[in-house]
Amino acid sequence: MRPEILFPLYAPVTTLKGVGARVAPLLEKLAGPIVRDVLFLAPHSLVRRRPATVNTAIEGEVQTFTVEIDEHQKPRSPQQPWKIRTFDGSGFLTLVYFGSFGHAVAEKNPVGAKRIVSGKVERFGSEWQISHPDYLVAPDKADEIPEVETVYPATAGLPARTVRKLALQALTQAADLPEWQDPAWLAKGGFPTWKEALERLHAPVNEADLLPIAPHIRRLAYDELLAHQLAMAQRKADRRAEPADKIAPGPKAAAIVADLPFKLTGAQDRALADVRHDFAQGERMSRLLQGDVGSGKTVVAMLAIADVAAAGAQSALMAPTEILARQHYETLAAPLAAHGITTVLLTGRDKGAARAEKLRALASGAAQVAIGTHALFQNEVHFQSLQLAVVDEQHRFGVAQRQLLQAKGRSVHLLAMSATPIPRTLELTVYGDLDVSRIDEKPPGRTPVATRAAPMTRVDEVEARLREAVAGGAQAFWICPLVSESELVDLKAAEQRAIELRATIGDGVGLVHGKMTGPEKDAVMADFADNRIKVLVATTVVEVGVNVPNATIMVIEQAERFGLAQLHQLRGRVGRGRRESSCVLLYDPPLSETAQKRLDILRRTDDGFQIAETDLELRGGGDALGLRQSGFPDYVFADPFAHRDLIAAAGDDARLIIGRDPELTSERGKALRVLQELFDWRASSPLKDAG
Ligand code: ADP
Ligand code: MG
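The structure displayed is predicted, hence computed values, not measured ones. (Residues numbered from 1 in each chain as written. Chains lettered and ligands numbered in written order. Predicted model: local features only at pLDDT ≥ 70, side-chain atom pairs only at ≥ 80, totals over all residues. Heavy atoms only, no water.)

J.: Where do I start with the site of ligand 1 in this structure?
T.: Residues in contact with ligand 1 amount to 15 residues; listed here are only the nearest, Lys263, Gly294, Lys297, Thr298 and Arg446. Side-chain polar atom of Thr298 to an oxygen atom of ligand 1: 2.6 Å apart, as the coordinates give it. Protein contact buries 74% of the 560 Å² of open area that ligand 1 shows by itself. The biggest single contributor to the shell around ligand 1 is helix H11 (residues 297-310), with 3 residues. The class makeup of the residues in the shell around ligand 1 is 5 nonpolar, 6 polar and 4 charged. (Near = heavy atom within 4 Å. Polar contact = N/O pair within 3.5 Å; in protein donor to acceptor, adjacent residues only side chain to side chain. Areas by Shrake-Rupley, 256 points an atom, 1.4 Å probe, with all protein chains shown as cover. Helix = DSSP H or I, 4+ residues; strand = E, 2+ residues; numbered from the N terminus. Nonpolar A, V, L, I, M, F, W, Y, C, P; charged D, E, K, R; others polar.)

J.: Can you help me understand the sheet that holds strand S13 (residues 343-346) in this one?
T.: The strands making up a sheet are joined through hydrogen bonds of the backbone, oriented either antiparallel or parallel. The sheet built from 7 strands is open, its strands ordered S13-S14-S12-S15-S16-S11-S17 with parallel pairing. At either end of the open sheet lies a strand with only one pairing partner, and these are S13 and strand S17 (435-439). Pairs of neighbouring strands in the sheet enclose a mean axial angle of 20 degrees, with direction left out of account. Bridge count between strand S11 (residues 286-291) and S17: 5 bridges; the pairing is parallel. Counterpart to Gln290 in the pairing with S17 is Arg438. (Pairing = 2+ DSSP bridges. Axes fitted to C-alpha atoms, helices over the stretch in contact; angles between N-to-C directions.)

J.: Even after reading the chapter, I still don't get the packing of aromatic side chains, so can you show me in this structure?
T.: Given two aromatic rings, one states the distance between the centres and the angle between the planes to describe the pair. The tally for this structure, following the rule as stated, stands at 8 aromatic pairs. Measuring from centroid to centroid gives 4.8 Å for Phe87 and Phe92, while their planes differ by 45 degrees, and the two rings are tilted. Three or more aromatic residues joined by ring pairs form one cluster here, namely Phe40, Phe637 and Phe679. Directly above the aromatic system of Phe609 lies the positively charged group of Arg438, at a separation of 3.9 Å from the ring centroid. The positively charged end of Arg644 is found above the aromatic ring belonging to Phe641, 4.0 Å away from the centroid. (Phe/Tyr/Trp six-rings, centres within 6.5 Å; stacked < 30°, edge-to-face > 60°. Lys NZ or Arg CZ within 6 Å of the ring centre and 35° of its normal.)

J.: I keep staring at the side chain of Gln290 and nothing clicks. Help me out?
T.: Turning to its location among the elements, Gln290 is positioned in strand S11. Residue classification places Gln290 among the buried residues on the basis of a relative accessible area of 1%. (Buried < 20%, exposed > 50% of the residue type's maximum accessible area, 1.4 Å probe, protein only.)

J.: In this structure, what is going on with the pattern of salt bridges? I would like to understand it.
T.: Proximity of charged atoms lets side chains of opposite charge pair with each other. Under the counting rule described, the total for this entry stands at 44 salt bridges. Two residues, Lys358 and Asp350, come together in a salt bridge whose shortest N-O distance is 2.8 Å. Each member of the pair, Lys358 as well as Asp350, is classed as buried. A single salt-bridge network, built from bridges that share partners, covers Arg49, Asp134, Glu149 and Arg164. (Salt bridge = Lys/Arg side-chain N within 4 Å of Asp/Glu carboxyl O.)

J.: Any chance you could explain the sheet that holds strand S22 (residues 551-556) here in plain terms?
T.: Pairing within the open sheet is parallel, and its 6 strands lie in the order S18-S23-S22-S19-S21-S20. Strand pairing shows two members of the sheet lacking a second neighbour, strand S18 (450-455) and strand S20 (509-512), which therefore form its edges. In this sheet, adjacent strand axes meet at a mean angle of 20 degrees when their direction is disregarded. Sheet strands in contact with helix H17 (residues 487-505) are strand S19 (475-479), S20 and strand S21 (535-538), and its direction is about 170 degrees off that of S20. (Contact = heavy atoms within 4.5 Å.)

Rendered as C-alpha cells:
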C-alpha cells in the first residue's frame, strides 16, 4: 500500500498547472509520467543575468539592458524576422523575432516605450542583437527577471523555463516526510532533510550546488541508493527463506576433476567451494560466477551439475544462442557421460521424434542434464526433478525467462554466469541481490593477445596483413561499431567493409549483423566456427562467449567509440588457441587524451576487472552506455563514480536494517517504506524477483 503522504507525488503530471494534452507527452518523455519525476528533475546549470550597457556588452553572455524602443523593422518577406531596434544611451541593440509572433511583440512594445530586456547577446556584423530575448518587460516588472536562473533540461516544444516552472510547482507538492536516515549519520555528514535537499536542488545558490559532491545531492543520492539496496537485500532474504534440498559434494565431481587434463585454478576451487557452501545450507542458492572470458566458469558449472546429479536430481544449463548451447554440450556431455550422467541438447532446431525422445528423457529422469537455449523453458519441457538452473551470460536473458526455467522445479538453485567485468565498487548496485563469486585468476599458459592501436588512415596496411595471415591459415573477426543514429547507415558501412575485404582477401568473408534473424546469425557463426568463413565482419557484439580457437586476429574499427569492457570482451574472443593472437584497435584520429588513455590500458593489461576499474575512473562514471549494458541501474541522483563511497555504505546499511527489522515495522522501518515507495525500485532492477 502506498502511503497517503505520497499521493500528490504519484499523481499524473497532468495534475500540474499548465500541463495539458500538448505538454504532457513532452514532459513524460523528459521526466516521467508522475509528479515525482518532475520533482526529481534537476537543473544542470546556472545562468547569471548581469546588468549591462550596450557599449560594454559581451558577445555570448546573458545580460540585461534598460532600453527604449527606437524603431520597428517589419519583415519584407515571411522568411525574414521582425526586428525591434532599441537604444540605451550607449548604443543600439536589436531584438530579433523569427516566425509569426514578432508582430504581436511589436504591438505590445510601441516605439518610445521603456523596457528591460534580457537574453543572450550576439553580434551580427557591426550590430548588437538578442534573438528571442528571455525577458522583455516594462520597468515596473523588473523583478520578474531573476538575477541567477537555473537551467533545466529541455526538449523540443518544452523550453527550459517552462520545465523550471513545472519543477518548482512539483516542489510545492512535496510534503515533509518522516526521516528514514540514521540521525547520527545525517549529523556526521552535515546532510539536510529530504525536503531541504530538494529545495536546494531546485534553488542552487552557486555552481558548487550543482556538483554531485554537494551535501544535498549526496543526501538524495544516498536515499536512492539505500532504497535500491533495501529492495535487493529484501529479495535476497526472501529467497533464503525458501527451503531447498541440501546437496552434498558427490564422488562424481571428484572423479570428473581427476579426469580433467588440467588442475583447477585457485579461483575455480574457491568458486566451487562457494557453490557447495550454498548447496549445504538447505536454502535456495542465488549465486553469480563473475569471471572474464576464458577464466573457466564452465568447469565450475559442470562440477556443480555433477553434484546435483550425484544427489539424484537434474540440472539445466541455458545459453543465449544455439551455437553457445551446442559448444557447452560438446564440452560437457562426454566428461559427464564418463561418470554415468546423461545430457541432452535442446534447441529450437529439435523437431519431431528426436525432440519427443529428449523431452521424455528429461521428464522421466533418464537424462540428468539439459543444455539448451530458450527452448528449455517452453511449456512442453518437464523435468522429473530440476534442482539447479545454470544461466550463462545471464544479462542476455530477461527476468521472466529465468523465472520460467526455474519454475520447472521446486525451489531451484540459480547459478548465473557473466563475463562482463564490473568494478568492485559497483558490484553491489548490479548484483546486490546475488552472492558473487569472482573468478579473478586465469588458467595458466595463456599468451596475452598482442594489442596495438592504429589510425584509420592505415586501414589498407591492416587489410594487407590480414590477407597474408588468412593465406597462412588464420581466421579473423572484423568489428564495425554501431555509431550513427541510423542502424541502416551502420549496416551500410559494415556491408561496404565486407565488400572491400572480399576484394582484397577473396571469398571467405562473412557478414553478421543485428538485423539478421537468430537462425541466420547462427548459420554464419557456424560457418565461421567450421572455418568455411575466414574473416567475419560483424556490426555488434553478436556472440560474446563463442569459442573459435582458430580465430587469432581481432580488428575493431572506431575502437574509441566502444566501452572498454566491450573492447576487452571482443578481444577475449581471440587468443583461445595455441597460436599467438593479435588485436588491432583502429581509431579515427585525433584521439582525445582520455581516449588515448583508454586504448592504452588495453595494451597494458588483459585483466577485465582492472580494465573496468580504470574505465570507470577515466570516464568518471559520466558515460552511461558501457555501464548500462552491464546492468547498471538508471539512477536519478546517484552517480556511479562520484558516489561510489555511498554505494558501499548503503549496502551495509541495508543489510543491517533488514537483519534487524526484516518486515520494516519499526518507526524507522515505516519511514523506510516511504523511501522505497518514493524511489519505487521494484520497477527496475536488473534481477528483480529473479530466482
Ligand atoms: P569462460 O569463463 O569464458 O566460460 P571456459 O569455461 O569456456 O571460460 O574456459 C575456457 C577454456 O579454458 C576452456 O577451453 C577450458 O577447458 C579451459 N580451462 C578451464 N579451466 C582451466 C584450468 N584450470 N586450466 C587450464 N585450462 C582450463
Ligand atoms: Mg563461457
